[in-house]
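# Descriptive structure summary
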Amino acid sequence: MAAAADSRTRPTSTPAPGATNGAALGILLAALATLVWSGSFVTSRALADSVPPVQHAFWRWVVALAVVAPFGARRAWRRRAVIRRHLGFVLPASLLGVTAYNTFVNQAGLTTPAANMGMIMAASPVLMAVHERVGGVRLGARRVAGLLIACAGVVLLVGGGATAVGAGDLWMIAAACCFGGYSALLRHRPAGLDGVAFLFTAFLVGTVLLLPAQALSLAVQGGFTPTPGTVGPLLYVGIASSAVAFFAWNKAIALIGPTRAGIVYYLQPVCVALLSWALLAEPTGWTQALCMTLILGGVMLGAGGAPVRRAPRR
């Protein structure tokens, strides 16, 4: 409260007391979510031949709902009036972040290597930055420089490793657009809807929106056979990549904003490339190593910059 009272005499770019710790926590949470999500790209690729993409997404969110329900169901019910008032936020956030995003990722996994999926998804931080800048937030020279350096690494990585843009790449571009829009929307989460209640609500609404596609997939493609090789990965994406990673990412957005979290998200191509090399034997070489160095350097530069806030309105 003292920091808010003193905001007129303090430069708007100076962090308030405690902001440094909050920023560090936000960066760590964004990095945790990014690392966990990297494994989900490998999972999408690994299950491409055994679980249809829509069914992969549907059962992922069913598992996630079961995990989050003990913590979020009652909180969401108590805030049902807030949820009803803000359906204009809840519905698009659930559609982009739950229904569409992972379904598109799984569809891309049918034809696109996991490493390429991670590279293309690294375009989403650019969309986050654009959304935030349009919203009136000044990004700061250091953060913009880090964004550009990391983006250059991604462009070089994609340009050096892909010979042509295929259908799977287009699905991943659509997924990146969905995730960028979802992350931008998080800045407008209603104050009366806490993180756990929102997470449960988004998972529930997103799963319901996915039901027609699930029914169609079952009718056309049939179901899949539950085995350790299919159930294990689905539990991973349902528990770790959904419940844990989404909570961490949403909290990171609240602490450091979508642009700064997006810079940390550039670590994803590095994580995916290493995991796909170790688990799927997808090739990597010196070009990838050079690009990863650029990406890591950009992340370190941009994530370390102090937040630049809007000037207070009088």
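Quick summary incoming for the structure in this document. (Residues numbered from 1 in each chain as written. Predicted model: local features only at pLDDT ≥ 70, side-chain atom pairs only at ≥ 80, totals over all residues. Heavy atoms only, no water.)

## Notes on the packing of helix H3 (residues 53-78) against helix H10 (residues 195-221)
What counts here: What counts as an axis is a line fitted to C-alpha atoms, over the stretch in contact for a helix, and the angles between N-to-C directions run from 0 to 180 degrees. Starting at the N terminus, helices and strands are each numbered in turn, a helix being any DSSP run of H or I of at least four residues and a strand any DSSP run of E of at least two. We call two directions roughly parallel when the angle between them is under 35 degrees, roughly antiparallel when it is over 145, roughly perpendicular when it lies between 65 and 115, and oblique otherwise. Take the far helix as the reference: if the near one is turned anticlockwise from it by less than a right angle, the crossing is left-handed, and if turned clockwise, right-handed. Residue classes follow a fixed rule: Ala, Val, Leu, Ile, Met, Phe, Trp, Tyr, Cys and Pro count as nonpolar, while Asp, Glu, Lys and Arg count as charged, and any other residue, Gly among them, counts as polar.
At a minimum axis separation of 8 Å, H3 and H10 run at an interaxial angle of 150°. Taken together, the axes of H3 and H10 lie roughly antiparallel to each other. Where H3 crosses over H10, the handedness of that crossing is left-handed. Of the residues contributing to the contact of H3 with H10, the split by class is 23 nonpolar, six polar and one charged.

## With respect to the side chain of Arg-60
The line we're drawing: A 3.5 Å cut-off defines polar contacts: any pair of N or O atoms within that distance qualifies, except that in protein one atom must be a possible hydrogen donor and the other a possible acceptor, and neighbouring residues in sequence count only when both atoms are side-chain atoms. Residue contacts are defined here by distance: any two heavy atoms, one from each residue, within 4.5 Å place the two residues in contact.
Mapped onto the elements of the fold, Arg-60 is located in helix H3. Side chain to side chain, Arg-60 and Ser-242 meet in a polar contact 2.7 Å long. In contact with Arg-60, not counting residues within four places along its chain, are Trp-37, Ser-40, Asn-102, Val-237, Gly-238, Ser-241, Ser-242 and Phe-246.

## Topic: the packing of aromatic side chains
Quick note on the threshold: Stacked, tilted and edge-to-face pairs are distinguished by plane angle, under 30 degrees for stacked and over 60 for edge-to-face with tilted covering the rest, among Phe, Tyr and Trp rings (Trp via its six-membered ring) whose centres lie within 6.5 Å. For every residue, the accessible area obtained with a 1.4 Å probe (protein chains only) is divided by the maximum for its type, and the residue is called buried under 20%, exposed over 50%, and partly exposed between those limits.
Counted according to the given criterion, the structure contains 13 aromatic pairs. Geometrically, the ring pair formed by Trp-61 and Phe-246 is edge-to-face, given 5.5 Å between the ring centres and 75° between the ring planes. Residue Trp-61 is located in helix H3, and its partner Phe-246 is located in helix H11 (residues 228-265); the two are separated by 185 residues in the primary sequence. The pair Trp-61 / Phe-246 is uniform in exposure class, with both members buried.

## A word on the pattern of salt bridges
Worth spelling out the cut-off: By definition here, a salt bridge exists when the distance from a side-chain nitrogen of Lys or Arg to a carboxyl oxygen of Asp or Glu is within 4 Å.
Tallying each qualifying case throughout the model produces two salt bridges. Here Arg-75 makes a salt bridge to Asp-194, at a shortest N to O gap of 3.3 Å. Residue Arg-75 is found in helix H3, and its partner Asp-194 is found in the loop between helix H9 (167-185) and H10; the two are separated by 119 residues along the sequence. Using a relative accessible area of 34% as the deciding quantity, one classes Arg-75 as partly exposed. Residue Asp-194 is classed as buried on the basis of its relative accessible area, which comes to 17%. For the salt bridge of Asp-194 with Arg-79, the shortest nitrogen-to-oxygen distance reads 3.0 Å. Of the two residues, Asp-194 sits in the loop between H9 and H10 while Arg-79 sits in the loop between H3 and helix H4 (80-85), which places them 115 residues apart along the sequence. Salt bridges sharing partners connect three or more residues here, namely Arg-75, Arg-79 and Asp-194.

## Here's the deal with the packing of H10 against H11
Put simply, H10 and H11 touch, their axes get as near as 10 Å, and they point 125° apart. Of the possible angle classes, the one that applies to H10 and H11 is oblique. Crossing hand, H10 versus H11: right-handed. In contact with Val-196, Phe-198, Leu-199 and Phe-203 of H10, H11 contributes Ser-242, Ala-243, Phe-246, Phe-247 and Asn-250.

## Concerning the state of the cysteines
Cysteine pairs can be linked by a disulfide, which is a covalent bond between their two sulfur atoms. This is how the line gets drawn: Any two cysteine sulfur atoms lying within 2.5 Å of each other are counted as a disulfide.
Scanning the model with the defined rule gives zero disulfides in all. In this structure Cys-177 is a free cysteine whose sulfur lies 7.0 Å from that of Cys-178, the closest cysteine sulfur available. In this structure Cys-177 comes out as partly exposed when scored by relative accessible area, which is 43%. Owing to a relative accessible area of 8%, Cys-178 belongs among the buried residues under this scheme.

## Focus on a nonpolar patch on the surface
The condition that has to hold: Residues enter patches when their relative accessible area tops 30% and they take part in no salt bridge; the joining distance is 9 Å for like charges and 5 Å for the nonpolar side chains Val, Leu, Ile, Met, Phe, Trp and Tyr. Note on areas: Shrake-Rupley, 1.4 Å probe, and residue coverage restricted to the protein chains presented here.
The grouping of Leu-32, Val-231, Leu-235, Ile-239 and Val-244 at the surface amounts to a nonpolar patch, some 360 Å² of accessible area in total. If one sorts the elements of the nonpolar patch by residue count, H11 sits on top with four residues. Assignment of secondary structure puts Leu-32 in helix H2 (residues 19-46).

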